[in-house]
Every structure is written in structure tokens, then in C-alpha cells.
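Fold and contact review
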Amino acid sequence: MNLRQVVALLNADVLTGKDFLDREVHTAFACDLMSDVLTFSENSTILLTGLVNTHTVRTAEMMDIGAIVFVRNKKPDKETLKLAEEIGIVTMTTEKILYTSCGILFNQGLKGAYIHR
Amino acid sequence: MRIIKLLYEIEKEDFVKAGQASSEVKKVLKQLGVSSEITRRVSIATYEAEMNIVIHSFGGKIEVEIDINKIIITARDRGPGIENIDLAMQEGYTTASEKVRELGFGAGMGLPNIKRCADEFYINSIIDEYTELKITTYL
């Protein structure tokens, strides 16, 4: 699935990285706890979260996560968006809640990220 | 390749700057052509160590040494030290504040995750003096 499809499915507004919407995502991870996000390791994952501080973007940067969906219509501040733009991370916001967003993407074949143990 | 050394001062409770050192380390590794898998592992470990210094310590520093066959990250703070290292290494054990949890951290996963990302992991701590982590990754 590419990010353009994610945007359409979630009726999302793209906040940063408009040039990278052809980027493919193969799995998803949904969490407000960045400590947990940092424990899984996989390429081409999209992060869905309600957490909108700079550490969401920093965590994505470290994990090579190329896209973040902010749910419940949450939007990060300007500094956080600037950071995401600089790093080249696609961010978007959707009015849908986390559960619904995950359900829509899962129904379309996007599976959960594998957790390394 | 010559040994490259990088040094970063990390301030306590500076949540705005937190992550910048790890971000710079990641950029350097990318520029050196280190594989994306190793770059990711080292970046995660460095970020966890950096957040630990910001969250739990009186401040400290992160030193990065890169040579032909390995990367060594040394994170050393100025205390207060860890009372029970075995407990701190357990997944889920945390002493983090509510404020830190609101930022998405403090789940008690940091040290175990650093160990998981490292090829070799060393931790030592003396109460009222320091905590030191040495994270070695082979190239």
C-alpha cells in the first residue's frame, strides 16, 4: 500500500512530505508509547499515534519509519512539523480515532509490524 | 578508516534538544556508508541512552567511536546512579515521572532495548557518582 492510498482511506490531511506520497508501507504500528515503538524493528512501517510531540518524529527518524498518522485530528506544533519536513517524514492527520484508522488499513491488507524479541 | 570520535554533552531535563545527538550520530553513520540495519540499531541504542540521561540523570555525555570494524557508544552521566541494575534491566520496571510518560517514554523498556540492539553491552553504576553504558556494535 502506498501513502497516497492511506491518505484516501483515512480521509487525512497531509502535513509534511507531500512529495513522498508514493512511498510504500508494508506494515503498521499503532501506539502512544514511543518506548514501545523503539522496540520493534522493521522497514516500511507506518506509525499511527495520538502523541504529537517532537519525540514522535525523533522516534520515527531513529526507526526509519517514513510516515506518521496523527489520529483524532491531532496536529503537532510548528517546530515538530519543521523537523519532520527536514528529515523527510510524511505526516498526516485524520479525524478518525486510532481504532477505526487501524481497522480501515487492516481491512485493506496492511498487517501489523513484527515485534523483535 | 581512521577512528572517528564524536562527543555530545547531554543536559538534564532538556526535552527540546533531546534526540539531537542521536540524530547527528545517525547522519554521520549514513554518510560513512554504514548499512541501514546497523545504522538503525546504533541510532535506537543511542537515542534510548540519550533519553535516559535527559530523564534520569543530572546530565552527562555521549561519546561515539567509529573504527574499521566496530562502533562504540559510551554514555556516562553524573549520577544519581542506579540502585539495582538487575531490576533496571527488567522490561517494564521504571522510575520515570508522569511528565516523562506523557512524552511517550518511561515504559521501562530503555535499557533492555539498548541491550537488544547491541552486540556487546556493559553497564556499571555507582550511587551518587555515575552510570556508564558501553554499547558495542560490530560492522
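Reference entry: report on the structure contained in this document. (Residues numbered from 1 in each chain as written. Chains lettered and ligands numbered in written order. Predicted model: local features only at pLDDT ≥ 70, side-chain atom pairs only at ≥ 80, totals over all residues. Heavy atoms only, no water.)

Turning our attention to the sheet that holds strand β5 (residues 130-138) of chain B. Residue and element names in this part refer to chain B. With antiparallel pairing, 5 strands are arranged side by side in an open sheet as β1-β2-β3-β5-β4. Each edge of the sheet is formed by a strand with only one pairing partner; in this case those strands are β1 (4-10) and β4 (120-126). Averaged over all pairs of adjacent strands, the angle between their axes in this sheet comes to 10°, without regard to strand direction. The sheet contacts of helix α1 (residues 20-31) involve β1, β2 (60-66) and β3 (70-77), and relative to β1 the element is tilted by about 165°. Across the sheet, helix α2 (residues 36-56) touches β1, β2, β3 and β5, and the angle it forms with β3 is around 5°. (Pairing = 2+ DSSP bridges. Helix = DSSP H or I, 4+ residues; strand = E, 2+ residues; numbered from the N terminus. Axes fitted to C-alpha atoms, helices over the stretch in contact; angles between N-to-C directions. Contact = heavy atoms within 4.5 Å.)

The subject of this paragraph is the sheet that holds strand β2 (residues 27-30) of chain A. Residue and element names in this part refer to chain A. Across the sheet, which stays open at both edges, the 6 strands sit in the order β1-β5-β4-β3-β2-β6 with mixed pairing between neighbours. The sheet terminates laterally at β1 (13-16) and β6 (111-112), the two strands that pair on one side only. Pairing analysis gives 2 bridges linking β2 to β6, with the strands arranged parallel. Bridge pairing in β6 places T27 opposite K111.

Summarising the element assignment, P80(B) is placed in the loop between β3 and α3 (85-88). Separated by 21 residues in sequence, P80(B) and G59(B) place their C-alpha atoms 9.8 Å apart.

Looking now at the layout of surface pockets. Within this model, the largest pocket holds a volume of roughly 660 Å³. The wall of the largest pocket is formed by 33 residues, among which N52(B), H56(B), I82(B), T95(B) and L111(B) lie closest to the centre. Of all the elements in the fold, those that place two or more residues in the lining of the largest pocket are α2, β3, α3, α5 (110-117) and β5 of chain B. By residue number, the principal contributor to the lining of the largest pocket is α2(B), which donates 7 residues. Considered class by class, the residues forming the lining of the largest pocket number 17 nonpolar, 13 polar and 3 charged. The volume enclosed by the second largest pocket comes to roughly 320 Å³. Taken together, 16 residues form the lining of the second largest pocket, with T54(A), E79(A), T80(A), L83(A) and V16(B) sitting closest to its centre. Contributions of two or more residues to the lining of the second largest pocket are made by α3 (54-63) and α4 (78-87) of chain A. For the lining of the second largest pocket, the element with the most residues is α4(A), which contributes 5 residues. Among the residues making up the lining of the second largest pocket, the classes are represented as 6 nonpolar, 5 polar and 5 charged. (1 Å grid on protein atoms, 1.4 Å probe; cavity = no way out; pocket = protein on both sides within 12 Å on 5 of 7 lines; lining within 4 Å. Points joined across faces, edges and corners; volume = space filled by probe spheres on them. Nonpolar A, V, L, I, M, F, W, Y, C, P; charged D, E, K, R; others polar.)

The next subject is the nonpolar core. Core analysis: the largest hydrophobic core is formed by 59 residues, its most contacted members being V37(A), V64(B), I71(B) and F105(B). Per-element tally for this core: the top contributor is α2(B), with 10 residues. F105(B) has contacts with L33(A), M34(A), S35(A), L38(A), H55(A), T59(A), Y47(B), M51(B), I55(B) and V100(B), leaving out every residue within four places of it along the chain. In terms of nonpolar packing, the next biggest core, distinct from the first, is built from 19 residues, V25(A), A28(A), A67(A) and L110(A) among them. (Core = buried A, V, L, I, M, F, W, Y, C linked by side-chain atoms within 4.5 Å. Buried < 20%, exposed > 50% of the residue type's maximum accessible area, 1.4 Å probe, protein only.)

Now for the packing of α3(A) against α2(B). α2(B) packs onto α3(A) with a crossing angle of 150° between their chain directions and a minimal axis gap of 8 Å. As summarised for this structure, α3(A) and α2(B) are arranged roughly antiparallel, according to the angle between their axes. For the pair formed by α3(A) and α2(B), the contact residues are H55(A), R58(A), T59(A), M62(A) and M63(A) on the first element and R40(B), S43(B), I44(B), Y47(B) and M51(B) on the second. The residue inventory of the contact of α3(A) with α2(B), partitioned by class, reads 5 nonpolar, 3 polar and 2 charged. (Parallel < 35°, antiparallel > 145°, perpendicular 65-115°, else oblique.)

On to α3(A), then. Among the 10 residues that make up α3(A), 9 are buried, leaving the element largely enclosed by the rest of the structure. Listed as buried for α3(A) are H55(A), T56(A), V57(A), R58(A), T59(A), A60(A), E61(A), M62(A) and M63(A). Check the buried side of α3(A) and you find it contacts α2 (34-37), β3 (45-49), β4 (67-70) and α4 of chain A together with α1 and α2 of chain B. Where α3(A) starts, the residue carrying a side-chain oxygen 2.7 Å from the main-chain nitrogen of H55(A) turns out to be N53(A). (Polar contact = N/O pair within 3.5 Å; in protein donor to acceptor, adjacent residues only side chain to side chain.)

Here the focus is the interface of chain B and chain A. Contact with chain B, which involves 24 residues of that partner, is made by 22 residues of chain A. Viewed at the interface, chain A and chain B are joined by 2 salt bridges. Ionic pairing is found between D64(A) and K26(B), a salt bridge with its closest N-O pair at 2.6 Å. Among the elements that line the side of chain B that touches chain A, the one with the most residues is α2(B), at 7 residues. (Salt bridge = Lys/Arg side-chain N within 4 Å of Asp/Glu carboxyl O.)

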